Amino acid sequence: MISLVGVHLDSPTMDEPVHLVRGLSYWWIRDTRLGYAHPPLADALLALPAALLGDRVDLTSFPAWADADTGKLAEQYFTAHWAAARAELVIARHVNVLFSFLLGLYVFRFARRRAGDHAALFALGLHCLHPTLLAHGRLVTTDLPIALATTIAVGEAAEHFERPRLRTAITTTLAVAAAFCIKYSAAFLVPLLVSLGLFFAWRGGAEGDAPTRRARLGRFAAHAFAVTLAAVLAVNAAYGFQRTGWTVARILAEPEPQSYISKRANHRLLEERSPLARLPRWLPVPLPYTYVFGLSMVSVQGRDGHATYFLGQRADGGWAGYFPVMLAIKNPLAVLVLLGVGLARSIRRRAAPDRVAGTLLAACGLYLAISMGSKINIGVRHVLPVVPFFVLGAGTVAAQLWQEGTRRTRTLLALLGAGTFASAIAWYRHPVGYFNALTLGPVFGPKVSVVGEDWGQDMADVAAALKARNLGPVYYHRYGWMMARELEANGIEYERLRCGERPGPGVAVVHAVTRARSPGCHPELFAKAPLLVVNGRLFVYALDAPDRPAAPAPRPRLRFVPPPPPSSASPDDED
C-alpha cells in the first residue's frame, strides 16, 4: 500500500525517463540499440503495460535516435509528449511494485522452508517495512529487478548445494540467466557459484549427492555448462538476436553509441579501454554488440568513477568505506540489531554456518567486496541485492528470539517492530532519502550522503511550497532536465540560475547536491540561512536586489584662469 501511494505522489527521478524510453523502444521499434547502459530485460518488462496502453510514438523521428543517445532521446520524447510520457512512467512504476511483491513472496517462502513460519513472517514484515526496499520498489529502474533475480539465483543455488535436485538446478539456471539480462553486476554470480560449486563437489556430503568425487565434479561441470549456455542464449534473446556473433574486427569497426563515457575516449572506448582489442580480430563473439559495448562501458565507469559526495568530502572517485557505511545507515535499526545478535550468538556458540547460510554469507561478502572496489559511489541502490539477505538473516534471528519465549526478548522484538513500522510511516512519502536513527534521520544523514537521496522526487513538493507562500520570481539552479520539466509542469515559471550569478529580487531554488558538490557556485547564498527547506533536499533562498554600482562623480569642467598682473615685488627679484 505504501508503495502504491508513492507511485503517484513522487516526482520522476533522474534516471526513470531513460529506463522508460529504453523499454518503449524495445516494444515500439523492436530495436535494442539503446540497451547498452543496462541489458534490456527489466526495462522491457517495466515498460510493457505502458507500451500496450499508450499511443505508439515513432522514436526514430527524434534527432537523438540516430546516435543512440539515450539521455537526449528521453529528454526529447518527454518534452514533445509530456502528459503521455508522465502517465506511462506512472504505469511502469506499478510493474516494479509487482517485482517488489514477488521478492517479498520469495523471501517469505525461502525463510519458511529454512526456519519455519515465524521466521517467514518476521522476514516478510521487515521486507514490507524496509524504507530502502520501499523506495526502489516503486521507481522505474533496474535496481529492484536485479535484487529479485540475484536473490532467487543465490537462494536456489544454496539449496541445490545442500541437496542437488532437478528442480533447484532448473530454477538456479533460469534465475542466473535472468540476472544477466537485467544488469551487468550479475557477473558476480560467476566467481561465486563456480568457486562454491567446485568446493562442495570436491568435498561431497550433500544429501543425495553422487558417491564419487569424479561423478560430483562431472555433474557440476555439466550444470555449469548448462547455466552458461542458458545465460548466453537468454542474453541474445533479450536483445532480439540483433547484431550478435560478430567478429572482434567488426565490433571494433562499429560506430559507438553517444554515451558520455565513450565521448571521453573520443568514441574509441572499445579500442583503447577494453580488453577486446587484445583478442584476435577473426574471433567471433557470441554476444550482441550492444551488450559487449555496455559491459566495457560500465567497467570503465567503475574504474574512472563519478562525481559524488560522502561524509563532507567531494570527489570524482570513491571510498572503500562508502557502501558499508551506507548499509549501516540505510537499513532499519531492527535489521542491524537482529543481525548483530545473531552474529554474537554464532561466535559465542562457535557455530559454523551450514551450506545454505554459508552460500548466502559468501554472496553478501563477495558482492560487497566488489562494490567497495568500484568508484561509482552514488547511492545505496547499487548494493540493493544484499539487502534481501540481510532481511532473511534478521527474520531468522527474530524467530529464534521469539521462540525462546522470555518476556525480555519479546519486549525487545516489540520495540524493534514498532520502530520499524514508525520509520516506514515517517518516510512513506520519499523513502529514497531515508536515514535510520544512527544519523538521527534527516538531522545528520544529508551530511553523510546526498547524491543518491536528492534524485528529483521532491519537485512537486517544492512547487507546492513556492505557490503556497506566493514566492517569486523563481531562479532555479538546474540539476537535470527532468527536474526542470517537472517544476514547469507544476506551474512554476523560473529563470535559470547558473554558478556565480547574482540575480534578484526573488528566490533561488538550489538542490542539496549542488550545495554539497559545488559550494563555490553560490557562496553568498549558502552562507545565509535558507528561507525554506523542502524535504531536507531543496533549499529556497531569498534574493535581494543586486547592488547597483554607484554612478561615477561628474568630471569637473576646465576653465581658463588668467594670470595675475605683474607686481613690483616679484619673487624673482628677491635675494
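The sections below set out a description of the structure shown in this document. Quick caveat: nothing in here was measured; it's all calculated off a predicted structure.

Regarding the pairing of strand S5 (residues 506–511)
Across the six residues that make up S5, a large majority, six, are buried. As judged from the three bridges shared by strand S3 (residues 474–476) and S5, these two strands associate in the parallel manner. Bridging across to S5, Tyr476 finds its partner in Val509. Examined bridge by bridge, S5 and strand S7 (residues 538–543) share six bridges and lie antiparallel to one another. By the bridge assignment, Val509 is partnered in S7 with Val540.

Here's the deal with the pattern of salt bridges
The full count for this structure, using the stated rule, is 27 salt bridges. As a salt-bridge pair, Asp10 and Arg138 come within 3.0 Å of each other at their nearest N and O atoms. One end of the pair, Asp10, is in the loop between helix H1 (2–9) and helix H2 (16–28); the other, Arg138, is in the loop between helix H7 (131–136) and helix H8 (143–162), with 128 residues separating them in the sequence. Residue class for Arg138 comes out buried when judged on its relative accessible area of 0%. The residue Arg86 makes a salt bridge to Glu486 at a minimum N-O spacing of 3.1 Å. Of this pair, Arg86 sits in helix H5 (residues 82–115) while Glu486 sits in helix H23 (residues 481–489), and the two are 400 residues apart along the sequence. The pair Arg86 / Glu486 is uniform in exposure class, with both members buried. Taken together, the shared-partner salt bridges in this structure form one network comprising Asp10, Arg138, Arg429 and Asp461.

What counts and what doesn't
Residues numbered from 1 in each chain as written. Predicted model: local features only at pLDDT ≥ 70, side-chain atom pairs only at ≥ 80, totals over all residues. Heavy atoms only, no water. Buried < 20%, exposed > 50% of the residue type's maximum accessible area, 1.4 Å probe, protein only. Helix = DSSP H or I, 4+ residues; strand = E, 2+ residues; numbered from the N terminus. Pairing = 2+ DSSP bridges. Salt bridge = Lys/Arg side-chain N within 4 Å of Asp/Glu carboxyl O.

Just distances and angles here, no functional claims.
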